[in-house]
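# Examination of the molecular architecture
Below, each chain spelled out in residue letters.
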Amino acid sequence: MTTTRLTGDALGMTIIGEHDTHRHKPLCSEIVHRAHAAGLAGASVFRGIEGFGASSLIHTARLLSLNEELPVAIVIVDTPERVRAFLPQLDELVESGLVILDDCEVIRYAGSHSGRHSRRHPGKEKKA
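Below or above, wherever it landed, is the structure these notes cover. (Residues numbered from 1 in each chain as written. Predicted model: local features only at pLDDT ≥ 70, side-chain atom pairs only at ≥ 80, totals over all residues. Heavy atoms only, no water.)

Here we take up the pattern of salt bridges. On inspection of all chains with the given rule, the structure shows four salt bridges. Residue Arg 34 is joined to Glu 30 by a salt bridge in which the shortest nitrogen-to-oxygen separation is 2.8 Å. Of this pair, Arg 34 and Glu 30 are both found in helix α1 (residues 27–37), four residues apart, which corresponds to roughly one turn of the helix. Under the relative-accessibility criterion, Arg 34 is labelled buried at 17%. One salt bridge in this structure joins Arg 34 and Glu 92, with 2.8 Å as the shortest N-O distance. Linking Arg 34 in helix α1 with Glu 92 in helix α2 (residues 80–93), this pair joins segments that are 58 residues apart in sequence. (Salt bridge = Lys/Arg side-chain N within 4 Å of Asp/Glu carboxyl O. Helix = DSSP H or I, 4+ residues; strand = E, 2+ residues; numbered from the N terminus. Buried < 20%, exposed > 50% of the residue type's maximum accessible area, 1.4 Å probe, protein only.)

Okay, structure coming up:
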């Protein structure tokens with residue numbers, strides 16, 4: 001498995017649905033794990049606080065609502081070829097929902113894993 005390091009033109013895929021399941025685990029988790037196994041550059045899941053879809057039922061996270069069928073958006077970004085190659089996996093997983101494909105430009109920010117950049121406050125050096 002090779003992970004893509006992506007900068008420049010890309011294709012963003014957003015899968016919008018409800019908190020569905022696949023083989024007794026959250027569908028969004030299955031999609032993210034498959035995207036990772038496919039070596040796609042990145043995938044994130046966002047839970048909505050209110051929305052409706054094809055059912056026309058409004059799902060909400062308001063305090064008085066016990067509804068756990070909140071909207072979920074999964075965002076995947078990679079090269080257009082790799083994103084389109086992933087679409088057949090969605091065909092077998094997503095029974096209802098919406099898939100949006102958007103041309104986009106990626107600007108990659110890489111964090112430091114070496115510890116050179118810390119969250120210490122300026123002027124407060126660590127004492128040995």
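Further remarks concern the sheet that holds strand β8 (residues 98–106). The four strands are arranged β4-β7-β1-β8 in an open sheet whose pairing can be described as antiparallel. If you trace the sheet from one side to the other, it starts and ends with β4 (42–47) and β8, each paired once. Neighbour to neighbour, the strand axes of the sheet diverge by 20 degrees on average, direction disregarded. As judged from the six bridges shared by β4 and strand β7 (residues 71–78), these two strands associate in the antiparallel manner. Directly across from Arg 47, in β7, lies its bridge partner Val 72. Set on the sheet, α1 makes contact with β1 (8–18), β4 and β7; between it and β7 the angle comes to about 5 degrees. This element, α2, spans β1, β7 and β8 of the sheet and lies at about 20 degrees to β1. (Pairing = 2+ DSSP bridges. Axes fitted to C-alpha atoms, helices over the stretch in contact; angles between N-to-C directions. Contact = heavy atoms within 4.5 Å.)

What follows is about unusual backbone geometry. Positioned with a positive phi, Arg 23 is a non-glycine residue whose angle comes to about 50 degrees. Positionally, Arg 23 belongs in the loop between β2 (21–22) and β3 (25–26). Given the relative accessible area of 73%, Arg 23 is considered exposed. For His 24, which is not glycine, the phi torsion reads 70 degrees and is therefore positive.

From the geometry alone we can't say anything about function, so treat these as descriptive.
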